[in-house]
Amino acid sequence: MKQFVTSALLIGALCVGMAAALTSRSVAAADDEQTVLQADHTLLQAIGKADKIGMDKLLDADLIWTDSQGKSQTKTEILQNLPAPGNSDVAAAGHIYGASAVVRADRGRLQVLRVWAKRPAGWRLVLYQEVMLAEKPRAVPNANVNAGPCENPCKTIPYQPKTENEKAALAGMQAVQVAIASNDADSWAAHVAEEFTATNSPDNEVYGKANRLAQFNNLIKAGLHTTPTPMVSAQVFDLGDAVLIAAHEQPPTNKTNLNTRLMIKRDGRWVMLFSFNTRIEASQAPAHPTAP
């Protein structure tokens with residue numbers, strides 16, 4: 001009886017400890033979320049006041065800033081010619097994923113994504129991206145329907161991972177592409193987060209996991225398959241339990257895309273949280289450097 005009581009006490013203490021640890025993590029995440037939203041608000045105020053010193057403190061050195069026309073600028077370019085961020089008056093919603101934070105400010109057709117990274121000196125904006133949704137649905141879900149076998153990005157990509165996190169996250173991203181190319185809806189579903197969203201310039205709505213899966217199954221029933229768009233170059237950010245992948249892609253049309261994806265580590269596996277895809281107008285299309 002004494003041994004039973006001792007075991008029960010030990011189990012109880014362990015449960016209390018685990019609960020306290022979970023509570024502590026939840027509180028820390030909530031604190032981070034509020035800190036990020038405050039930094040996000042401060043940045044928008046600094047831009048509105050043309051406060052370049054204030055902006056400089058909140059922009060990451062490797063910042064990617066892309067508007068709805070696909071025009072991309074660096075931190076240096078942004079500080080020289082201050083942008084007009086879209087939906088700056090929309091109350092933003094933010095969520096923490098590892099050492100990253102995803103902030104969305106959407107209204108109507110204009111979708112705005114801001115991704116923050118937790119650096120040693122504090123939270124810094126690493127990505128600003130806009131998508132202007134189409135007015136009407138496109139005739140087919142993807143321009144690459146029945147386009148042929150998938151080599152890039154299913155088997156190879158023009159980027160060499162620099163960390164183990166990058167390597168694992170990129171493998172997870174490629175698993176999503178393989179599932180799409182092979183019409184494997186179950187595998188696709190297993191490699192994307194439950195709160196997954198797909199925001200694409202050619203679409204007239206943001207797709208969640210359920211309606212993207214329904215769209216996927218409709219293609220399969222119609223005897224069609226989608227070939228993922230090849231990557232031309234990529235910039236990757238290792239953010240602990242999150243990896244941000246900003247890839248320039250070349251669809252069959254003469255316009256390139258900037259497709260940004262966030263891979264997150266959940267229950268020991270890397271899954272895709274979102275795909276945010278801006279079509280780059282021809283006049284804005286960047287030269288494609290050889291990826292490292």
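Residues numbered from 1 in each chain as written. Predicted model: local features only at pLDDT ≥ 70, side-chain atom pairs only at ≥ 80, totals over all residues. Heavy atoms only, no water.

Asks: Give a description of helix H6 (residues 209-221) that names residues and reports values.
Replies: Helical geometry: 3.6 residues make up each α-helical turn, so side chains three or four residues apart lie on a common side. The terminal C-alpha atoms of H6, which comprises 13 residues, lie 18 Å apart, in line with the 18 Å expected from a rise of 1.5 Å per residue. Buried within H6 are the following residues: Lys209, Arg212, Gln215, Phe216 and Leu219. Buried residues of H6 fall within an arc of 130° about the axis and therefore sit on the same side. Turned more than 90 degrees away from the buried face of H6 sit Ala210 and Lys221, all of them exposed. (Helix = DSSP H or I, 4+ residues; strand = E, 2+ residues; numbered from the N terminus. Expected span 1.5 Å × (residues − 1). Buried < 20%, exposed > 50% of the residue type's maximum accessible area, 1.4 Å probe, protein only. Arc of directions from axis to C-beta.)

Asks: A description of the sheet that holds strand E11 (residues 257-266) should follow, citing residues and the corresponding values.
Replies: Paired through their backbone hydrogen bonds, the strands of a sheet run either parallel or antiparallel. Spatial ordering of the open sheet is given by E8-E7-E12-E11-E10-E9, a layout of six strands whose pairing is mixed. At either margin of the open sheet sits one strand with a lone partner, and together these are strand E8 (207-208) and strand E9 (231-238). Set on the sheet, helix H4 (residues 164-181) makes contact with strand E7 (192-200), E9, strand E10 (242-249), E11 and strand E12 (269-279); between it and E12 the angle comes to about 70°. (Pairing = 2+ DSSP bridges. Contact = heavy atoms within 4.5 Å. Axes fitted to C-alpha atoms, helices over the stretch in contact; angles between N-to-C directions.)

Asks: Tell me about the confidence of the model for the chain, and name the residues and values.
Replies: Detailed reading of the predicted coordinates is not advisable wherever pLDDT is low. For the chain, the mean per-residue pLDDT works out to 87, and 84% of the residues sit at or above 70. In this model residues 18-24 is a low-confidence stretch, pLDDT under 50, and it forms zero contacts with partners more than four residues away in sequence or in other chains. Confidence drops under pLDDT 50 across residues 285-292; counting only partners more than four residues distant or on other chains, this segment forms 15 contacts. (pLDDT = per-residue confidence, 0-100.)

Asks: If you had to explain the environment of Glu135 to someone new, which residues and values would you point to?
Replies: Tracing the backbone through its elements, the reader meets Glu135 in the loop between strand E6 (122-132) and H4. Note on Glu135: relative accessible area 63%, which makes it exposed. Sequence separation between Glu135 and Ser201 is 66 residues, and the spatial gap between their C-alpha atoms is 9.9 Å. Those residues within four positions of Glu135 in sequence are excluded, and the remaining contacts are Arg109 and Asn204.

Asks: Describe the packing of aromatic side chains, and please don't skip the residues or the numbers.
Replies: Enumeration according to the criterion identifies three aromatic pairs in this entry. Taken together, a centroid distance of 5.5 Å and an interplanar angle of 90° make the contact between Trp188 and Phe196 edge-to-face. Consider the rings of Trp188 and Phe216, whose centres lie 6.2 Å apart with planes at 80°: the pair is edge-to-face. Of the two residues, Trp188 sits in helix H5 (residues 185-190) while Phe216 sits in helix H6, which places them 28 residues apart along the sequence. The same class applies to Trp188 as to Phe216, namely buried. Chaining the aromatic ring pairs together yields one cluster made of Trp188, Phe196 and Phe216. The ring of Trp188 carries the charged tip of Arg212 above its face, separated from the ring centre by 5.9 Å. Positioned above the aromatic ring of Phe216 is the side chain of Arg212, whose terminal nitrogen or guanidinium carbon lies 5.8 Å from the ring centre. (Phe/Tyr/Trp six-rings, centres within 6.5 Å; stacked < 30°, edge-to-face > 60°. Lys NZ or Arg CZ within 6 Å of the ring centre and 35° of its normal.)

Asks: Kindly report on the pattern of salt bridges, identifying the contributing residues and their values.
Replies: Throughout the structure, instances matching the rule amount to 10 salt bridges. The partner of Asp60 in a salt bridge is Arg119, with the nearest N and O atoms 2.8 Å apart. With Asp60 in strand E1 (residues 59-66) and Arg119 in strand E5 (residues 110-119), this pair connects stretches of sequence that are 59 residues apart. (Salt bridge = Lys/Arg side-chain N within 4 Å of Asp/Glu carboxyl O.)

Asks: Can you break down the side chain of Gln129 residue by residue, with the values?
Replies: Turning to its location among the elements, Gln129 is positioned in strand E6. Engagement of the side chain of Gln129 in a polar contact is seen with the backbone oxygen of Phe276, the distance being 3.1 Å. Of note is the side chain of Gln129, whose polar atom sits 2.9 Å from the side chain of Thr278. If near-sequence neighbours (up to four positions away) are discounted, Gln129 is found in contact with Thr66, Gln111, Val112, Leu113, Leu258, Thr260, Phe276, Asn277 and Thr278. (Polar contact = N/O pair within 3.5 Å; in protein donor to acceptor, adjacent residues only side chain to side chain.)

Asks: Describe the environment of Gly122, naming the residues involved and giving the relevant values.
Replies: By secondary structure assignment, the location of Gly122 is in strand E6. Each C-alpha atom, one on Gly122 and one on Leu58, is 8.4 Å from the other, the two residues being 64 residues apart in sequence.

Asks: Describe the sheet that holds strand E3 (residues 93-97), with residues and values.
Replies: Ordered in space as E2-E1-E6-E5-E4-E3, the six strands form an open sheet in which the pairing is mixed. Edge positions in the open sheet fall to strand E2 (72-73) and E3, since each of these has one partner strand only. The sheet contact formed by strand E4 (residues 100-104) and E5 spans five bridges and is antiparallel. Pairing of Ser100 across the sheet is with Ala117, part of E5.

Asks: I'd like a description of unusual backbone geometry, backed by residues and values.
Replies: At the junction of Asn152 and Pro153, the peptide bond is cis and its omega measures out at 20° in the coordinates. Mapped onto the elements of the fold, Pro153 is located in the loop between E6 and H4. The phi dihedral of Ala50 is positive, around 55°, even though this residue is not glycine. Here Ala50 lies in the loop between helix H1 (2-48) and helix H2 (52-58). Of note in the backbone geometry, Asn87 takes a positive phi value of approximately 55° without being a glycine. With respect to the element layout, Asn87 can be found in the loop between helix H3 (75-80) and E3.

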